[in-house]
Amino acid sequence: MIVELHGGPTAASLYRFRLWIYGRVVMAARGYALLSPNYRGSTGYGDRFLTELVGHKNDRDVVDIMTGVDAMIDAGIADPDRLGVMGWSNGGYLTNCVIAHTDRFKAASSGAGILDAALQWAAEDTPGHVVNFQKGLPWERAEQMRSASPLYDAGKIRTPTLIHVGGSDQRCPPAHSKGLFRALHEYLHVPSQLVVYPGEGHGLRVYENRKAKMDWDKYWFDKYLPLDAPASDPALGPT
């Protein structure tokens, strides 16, 4: 099973089919079970559900995601030894959070994810997002910023991780993705690959880049979370 995490966090995975570059339908069509949880902070469940995430990022959202995973295992839908996770933007951030939280996932695809909350406040184009969710500025909420940041638990990561980011992303700046790759590749020796899309912002707009993103994801999950099909190299074309 692959856990596909929506961005936002003030958004939601809707009950619909969607051919989209961030995993929905594509992975299910390949034979994976797919879980798209609406963790706390998501829209559609009332104001309390939405605001319970304020001051509790990398906490209540991770608990909700893992509770959903366990429910799928208990239902016989997911194999506990064959789990993957992927997401973009806040979904990429949460991918970073869960692989720093647990080694239960055998493969991950982190897209435009956040590694450090204080760096995000310093570098992104909408710093008010961090101030609102962390309930203050970095020097006012230093411990809160740290607890919300997967960077400080990155030494626990053992999951092979594919990392995507737009080269001109101002919303989730590439420094986060480059830092994650440095940690995994240079220091922890965890299988990892960094894919930077030149000129792209927070969302991939160029067709070739969208296709490349999907091909890379298919390759990565085929390699580290295989079904029956052998892995293929994106440079040689999709499976």
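Relevant structure appears above.
Residues numbered from 1 in each chain as written. Predicted model: local features only at pLDDT ≥ 70, side-chain atom pairs only at ≥ 80, totals over all residues. Heavy atoms only, no water.

Caption draft 1: Seen up close, the pattern of salt bridges. In total, this model carries 10 salt bridges according to the counting rule given. Arginine 104 serves as the salt-bridge partner of aspartate 70, at 2.8 Å between the closest nitrogen and oxygen. Taken together, the residues span a long stretch of sequence, with aspartate 70 in helix 3 (residues 60-74) and arginine 104 in the loop between helix 4 (90-101) and strand 4 (107-111) at a distance of 34 residues. With a relative accessible area of 33%, aspartate 70 lands in the partly exposed category. Across the pair aspartate 215 and lysine 211 runs a salt bridge whose closest N-O atoms are separated by 3.0 Å. Of the two residues, aspartate 215 and lysine 211 are both situated in helix 9 (residues 207-224); the distance of four residues between them amounts to about one turn of the helix. (Salt bridge = Lys/Arg side-chain N within 4 Å of Asp/Glu carboxyl O. Helix = DSSP H or I, 4+ residues; strand = E, 2+ residues; numbered from the N terminus. Buried < 20%, exposed > 50% of the residue type's maximum accessible area, 1.4 Å probe, protein only.)

Caption draft 2: Spatial organisation of the sheet that holds strand 3 (residues 84-88). Taken together, six strands build an open sheet; the order of strands is 2-1-3-4-5-6 and the sheet is parallel. Unpaired on one side and paired on the other, strand 2 (34-35) and strand 6 (192-197) mark the two borders of the sheet. Pairing of strand 3 with strand 4, which is carried by five bridges, proceeds in the parallel orientation. Residue pairing across strands places tryptophan 88 opposite glycine 111, the latter belonging to strand 4. (Pairing = 2+ DSSP bridges.)

Caption draft 3: Broad picture of helix 3. The end-to-end C-alpha separation of helix 3 is 21 Å, in line with the 21 Å expected for 15 residues at 1.5 Å each. Residues of helix 3 that are buried: Asp61, Val62, Ile65, Met66, Gly68, Val69 and Ile73. Each buried residue of helix 3 lies within a common arc of 150 degrees when the element is viewed along its axis, so the set occupies one face. Against the buried residues of helix 3 lie strand 1 (2-5), strand 2 and helix 4. Glycine 76 sits one or two residues past helix 3 and shows a positive phi near 80 degrees. (Expected span 1.5 Å × (residues − 1). Arc of directions from axis to C-beta. Contact = heavy atoms within 4.5 Å.)

Caption draft 4: Inspection of helix 8 (residues 174-188) at higher detail. Here helix 8 spans 20 Å end to end across 15 residues, near enough to the 21 Å set by a 1.5 Å rise per residue. Residues Pro174, His176, Ser177, Leu180, Ala183 and Leu184 constitute the buried set of helix 8. Following helix 8 by one or two positions, histidine 189 has its phi on the positive side, about 55 degrees.

Caption draft 5: How the structure looks around the nonpolar core. Judged by nonpolar contacts, the single largest core of 51 residues is most densely connected at Val3, Ile65, Val69, Val85, Leu94, Phe105 and Phe221. Ranked by residues supplied to this core, first place goes to helix 4 with six residues. The contact partners of phenylalanine 105, leaving out residues within four places of it in the chain, are Val3, Met66, Val69, Leu83, Gly84, Val85, Val98 and Thr159. (Core = buried A, V, L, I, M, F, W, Y, C linked by side-chain atoms within 4.5 Å.)

Caption draft 6: Summary view of the pairing of strand 4. Among the five residues in strand 4, five count as buried, and that is most of the element. Of the two faces of strand 4, the one holding Ala107, Ser109 and Gly111 and the one holding Ala108 and Ser110 are both buried throughout. Summarising the sheet, strand 4 and strand 5 (residues 161-166) pair through four bridges and their orientation is parallel. Bridge assignment links glycine 111 to a residue of strand 5, and that residue is histidine 164.

Caption draft 7: Structural context of the environment of glutamine 134. Structurally, glutamine 134 is set in helix 6 (residues 128-134). The class for glutamine 134 is buried, based on a relative accessible area of 4%. Apart from the residues within four sequence positions on either side, glutamine 134 is in contact with Lys57, Arg141, Gln144, Met145 and Ala148.

Caption draft 8: Inspection of the pairing of strand 6 at higher detail. By the bridge criterion, six bridges tie strand 5 to strand 6 in an arrangement that is parallel. Paired with isoleucine 163 across the bridge in strand 6 is leucine 194.

Caption draft 9: Quick peek at the side chain of serine 109. Relative to the elements of secondary structure, serine 109 occurs in strand 4. Take serine 109: its relative accessible area is 1%, and that puts it in the buried class. For serine 109, the side chain forms a polar contact with the side chain of aspartate 217, separated by 2.7 Å. Setting aside residues up to four positions removed in sequence, serine 109 forms contacts with Val85, Met86, Gly87, Thr95, Leu162, His164, Lys213, Asp217 and Phe221. (Polar contact = N/O pair within 3.5 Å; in protein donor to acceptor, adjacent residues only side chain to side chain.)

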